[in-house]
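Here are the chains, one letter per residue:
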Amino acid sequence: MNKTYTYDHYYNYDEITEILHKYASDYPDRVRLTSIGKTTEGREMWLLSVTDTSCGDYDEKPAYMAIGHVHAGEVTGSMCAMYLADALLSNPDDETVAALLKNTTFYIMPRPVADGSEYYLTHPDMIRSINVPYPYETEMPGLVPSDLDGDGVIRNMLVKTPFGSWKKDPDDSRLLVKRQADDIGGEYYNVYSEGLINDYDGLHVSSAPAKYGLDLNRNYPMNWDPDPKQPGGGRYPGQVIESRNLIEWISTRKNLVNTIIFHTFGGMYLYPPAGVPAAQADQKDQEMFKAFMKIAEEETGYHQLRIKDDYLGVDSKAPANGSLDDYFYYGNGVFCHSVETWNLAMQAGMIPEYPKPKKLTPEEELENQRRMLKWIDENNLNSFYKDWTEYEHPQLGTVEIGGPDKKFLLQNPPVQYLPQEVEKHTRYILRHARTMPHIVFTEAKAQKLAEGMYKVEAVVGNTGFMPTYATSEFLSLKQAKDIEVTLSGAEIADGKAVQKIGQLEGFSSVRTMYSFFGPITAEQAPLCKKVSWYIYGKEGETVTLTAVSQKAGTVQTTVTLA
C-alpha cells in the first residue's frame, strides 16, 4: 500500500502532533482532529477520526477504534496506529480502503500516555505507564536502575562474588549459565540491573520498588481491585487523568463496535475476558472473537489467546483486573482485543512459550539466549547487545556491564524491523473492519391504492458479519436501542412515522454445515425485516426513508410515488 511517512524511527509527541494536524489540514472531508482531554503534564490526548463524510458523518457509521498503547514504553503501538492512519489516507483509490471509509468511522488515538512515552523516549529508564511517583513519593531502599556508563541504555550488571548463582558460558562469554549444585572453586556472579543502591549496607543487593508503579491498564472500572491485590491498580478507578479521560470518552461513544489496543511484546492477539475465565463469558461473543482471531493469525502469524485462560492461566495468581479490555467489553459492549506486537522469539527461532502456555526449563531458556545471540550476530544487530565491559562501581567496586538493549531489542523492535511490524497489523485491521454490521435498504417501493393514497413498503437488512447490536454483552447491559425506521416527506394516513424493528443479526448467526448431500444453510434469526406505511400523496412526489442503528449506522433511501 502507499504511505506518506517513513517508519524508520519512533516518533516523539511533537512529531505525532505535527503529522495529525497535517492530516486534518490536507483531508478536511475525511479527517477530524480533536482532543479528548489533557494529560497530567498538559499534553493533548489527540484523537483522529477518519471517514468519507460524503457518505455520512462520523457518528452515523459503525466505528473501529485503534489505541496506540496504554503502557508508556510500548511505543511500537503508536507507530502501528500512525501507520493505520497513513494507509487509510494515502490510498484513496484502493477499493478496500474506499469501501471501508464509505461505511465505517475509524477512531485512532496514537498516544494516550504521551507523558510517560515522552519520558521513555528521552530517558534511559523503563517505565510502565506514567512518570508520577506511586505508591511511594520518594525512592525507596534498594537498587535503582540507572545508566552508569553513559551509553544511553540501562543494561545488566554482573557482580563477581563467591555467593554467586551464575557462571560464564565457556563457549560464549556473553552468556551466563546457572551454577550447578557441585560447582565450587570457580568464578561466580550475581546479576542485577545496572544502577546504584539506596541505603546500601555493604552486603546485600535487592531491587527497590519501581518509582513509577501505576499501571493504566489496571485503572479502569471493570473488576477493579486496589493495591496490593492488583499491583498498579491505583487508589481508585480513573485515578489518573489519562484513564479518566478515556473512561468518559468511551462511555459516550455509542457507535463503537470494535477496538484494538496495541502492546508489546510477544507476538500474540489477546481477547477478553481478563478478570474471569472464558467459561463465565458469553459464548456467542467468544465465537465471534475466535472468528476475528483467525483473520489475525492469517495476516500476522501471531498466536490467539484468551487473556485469562490462555495468557495468564485460569489458576494464575497474577490478576489483570481493571483492564481497558474488560472496560470496553463488559462496561460498554464493545468487541475489544489487544495485540502484543514484536515477536523476537519468532524472528530468532527461539523455543516458544505459546500458543499452549508452558514454562520453559532452564536448559530451554539458555538455548533461547544462544539463538537470540546467533540471530543478532547474523543480522548485524550487535549495536543492540553489549559484551560484558568492566566498570568501577562506586559501591560495589569492579563490576561488568553488558547485555541487551531492553527497550529497543526486547520490548520494541530494532528500527530495521519496525516497518514490517506496523504494516502487518494494518493488514489485519483492514480485514477485521469489514466484519462490522452494515444496514441497508434491500427494497423500497410505493404501491398506489387509490387516488391520493399509497402504501410504502421497505425491507431493512444487515449485510454484515456481526449483528447490529455487536456484542451479546451489550444486550445484557440493556443499552441496545432498537433500530428505528422513519418515513418523512408525506402525511401518514395510518401507522407511526417512526417504527422500531428491534435488532438484526449478521450472517455470523446463519447456521451452516456440510452434509452428505452438500452444503446446508439454516437461517436462525432475522437478518432483515419489512416495514410499511399508508400515506397521502401525489404521483411524482418523493418520500425519504431513514434507518438508524445505534451501532450499525444510518442509511437513507428515497421512494417516488407512481
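See above for the structure.
The rules behind the values
Residues numbered from 1 in each chain as written. Predicted model: local features only at pLDDT ≥ 70, side-chain atom pairs only at ≥ 80, totals over all residues. Heavy atoms only, no water. Salt bridge = Lys/Arg side-chain N within 4 Å of Asp/Glu carboxyl O. Helix = DSSP H or I, 4+ residues; strand = E, 2+ residues; numbered from the N terminus. Buried < 20%, exposed > 50% of the residue type's maximum accessible area, 1.4 Å probe, protein only. Axes fitted to C-alpha atoms, helices over the stretch in contact; angles between N-to-C directions. Parallel < 35°, antiparallel > 145°, perpendicular 65-115°, else oblique. Left-handed = near helix turned anticlockwise from the far one by under 90°. Contact = heavy atoms within 4.5 Å. Nonpolar A, V, L, I, M, F, W, Y, C, P; charged D, E, K, R; others polar. 1 Å grid on protein atoms, 1.4 Å probe; cavity = no way out; pocket = protein on both sides within 12 Å on 5 of 7 lines; lining within 4 Å. Points joined across faces, edges and corners; volume = space filled by probe spheres on them. Core = buried A, V, L, I, M, F, W, Y, C linked by side-chain atoms within 4.5 Å. Pairing = 2+ DSSP bridges. Right-handed = clockwise from strand over helix to strand, strands pointing away. Polar contact = N/O pair within 3.5 Å; in protein donor to acceptor, adjacent residues only side chain to side chain. Phe/Tyr/Trp six-rings, centres within 6.5 Å; stacked < 30°, edge-to-face > 60°. Lys NZ or Arg CZ within 6 Å of the ring centre and 35° of its normal.

1. Some points on the pattern of salt bridges
The final tally for this structure, using the stated rule, is 33 salt bridges. Here E187 ties to K160 by a salt bridge, and the two come within 3.0 Å at their closest N and O atoms. On the criterion of sequence distance, the pair formed by E187 in the loop between strand 8 (172-178) and strand 9 (189-193) and K160 in strand 6 (residues 156-160) is long-range, its members being 27 residues apart. Between E364 and K358 there is a salt bridge, and its shortest N-O distance comes to 3.2 Å. On the accessibility criterion, K358 (36% relative accessible area) is partly exposed. Overlapping salt bridges bring together K294, E298, E299, E423, R427 and R431 as one network.

2. A few points about the packing of helix 1 (residues 13-26) against helix 2 (residues 76-90)
Relative to each other, helix 1 and helix 2 sit at 20 degrees, their axes nearing to 12 Å. Relative to helix 2, the element helix 1 is oriented roughly parallel. In this structure, helix 1 meets helix 2 at a crossing whose hand is left-handed. Contacts between helix 1 and helix 2 involve I16, I19, L20 and Y23 from the former and S78, M82, A85, D86 and L89 from the latter. For the contact of helix 1 with helix 2, the per-class residue count stands at 7 nonpolar, 1 polar and 1 charged.

3. Points about the layout of surface pockets
Each pocket or cavity is described by its volume, and for the second largest pocket that value is around 320 Å³. Around the second largest pocket sit 19 residues that line it, and H71, R128, R218, Y311 and E340 are the ones nearest its centre. Per-element tally for the lining of the second largest pocket: the top contributor is helix 7 (residues 307-313), with 3 residues. Grouping the constituent residues of the lining of the second largest pocket by class yields 7 nonpolar, 7 polar and 5 charged.

4. Here we look at the nonpolar core
Where a protein is soluble and globular, its nonpolar side chains tend to be buried together. Ranked by internal contacts, the top residues of the largest apolar core, which has 80 residues, are F106 and Y428. Tallying contributions element by element places helix 2 first for this core, with 10 residues. The contact partners of Y428, leaving out residues within four places of it in the chain, are Y64, I260, Y269, F292, M293, I295, A296, E299, T300 and H337.

5. Notes on the pairing of strand 13 (residues 303-306)
Two faces make up the sheet, and in a regular strand the side chains alternate between them. A one-sided burial pattern is seen for strand 13, the buried positions being H303 and L305 and the unburied ones Q304 and R306. Bridge analysis of strand 12 (residues 268-271) against strand 13 gives 4 bridges, and the strand direction is parallel. Bridge pairing in strand 13 places L270 opposite L305. The β-α-β motif built from strand 12, the intervening helix 6 (residues 283-300) and the parallel element strand 13 has right-handed crossover chirality.

6. A look at the side chain of N332
Tracing the sequence through the fold places N332 in helix 8 (residues 324-332). Using a relative accessible area of 7% as the deciding quantity, one classes N332 as buried. Polar side-chain contacts of N332 include one of 3.0 Å to the backbone oxygen of Y327. Not counting chain neighbours up to four residues away, the residues in contact with N332 comprise I250, S251, Y327, F474, L477 and K551.

7. Examining helix 8
Where burial is concerned, most of helix 8 is hidden: 9 out of the 9 residues are buried. All of the buried residues in helix 8 are L324, D325, D326, Y327, F328, Y329, Y330, G331 and N332. Count one or two residues on from helix 8 and you reach G333, which has phi positive near 65 degrees.

8. Description of the sheet that holds strand 19 (residues 484-488)
Through backbone hydrogen bonds, the strands of a sheet pair up, either in parallel or in antiparallel fashion. Taken in spatial order, the 4 strands of this open sheet run 21-19-25-26, and their pairing is antiparallel. A strand with exactly one partner marks an edge of an open sheet, and here the two such strands are strand 21 (498-500) and strand 26 (553-560). When strand polarity is set aside, the average angle formed by the axes of neighbouring strands in this sheet is 20 degrees. Pairing geometry for strand 25 (residues 542-549) and strand 26, over 8 bridges, is antiparallel. Directly across from S549, in strand 26, lies its bridge partner G553.

9. Thoughts on the packing of aromatic side chains
Following the criterion strictly, the structure yields 24 aromatic pairs and no others. Measuring from ring centre to ring centre gives 5.1 Å for Y7 and Y83, while their planes differ by 70 degrees; the resulting arrangement is edge-to-face. One end of the pair, Y7, is in the segment before helix 1; the other, Y83, is in helix 2, with 76 residues separating them in the sequence. You'll find Y7 and Y83 in the same group, each marked buried. Residues F292 and F335 carry aromatic rings whose centres are separated by 5.4 Å and whose planes lie at 90 degrees to one another, so their mutual orientation is edge-to-face. With a gap of 43 residues between them, F292 in helix 6 and F335 in strand 14 (residues 335-341) connect regions that are remote in the sequence. Both residues of the pair, F292 and F335, count as buried. Here the aromatic residues Y271, F289, F292, Y329, Y330, F335, F465 and F507 are joined through ring pairs into a cluster of three or more. Here the guanidinium or amino end of K551 rests over the ring plane of F474, the centre of that ring lying 4.4 Å away.

10. Details of unusual backbone geometry
Between D227 and P228 the backbone carries a cis peptide bond, its omega angle lying at 0 degrees. Position of P228 relative to the elements: it lies in the loop between strand 10 (195-198) and helix 5 (241-252). Residues P272 and P273 are joined by a peptide bond in cis, for which omega reads 10 degrees. With respect to the helices, strands and loops of the structure, P273 is situated in the loop between strand 12 and helix 6.

11. Brief notes about the pairing of strand 4 (residues 105-109)
In terms of burial, strand 4 is a largely internal element, 5 of the 5 residues being buried. The two faces of strand 4 match: T105, Y107 and M109 on one face and F106 and I108 on the other face are all buried. Where strand 2 (residues 44-50) meets strand 4, 3 bridges bridge the pair, whose relative direction is antiparallel. Looking at the pairing, S49 lines up with Y107 of strand 4. Pairing between strand 3 (residues 63-67) and strand 4: 5 bridges, direction parallel. Pairing of Y64 across the sheet is with F106, part of strand 4.

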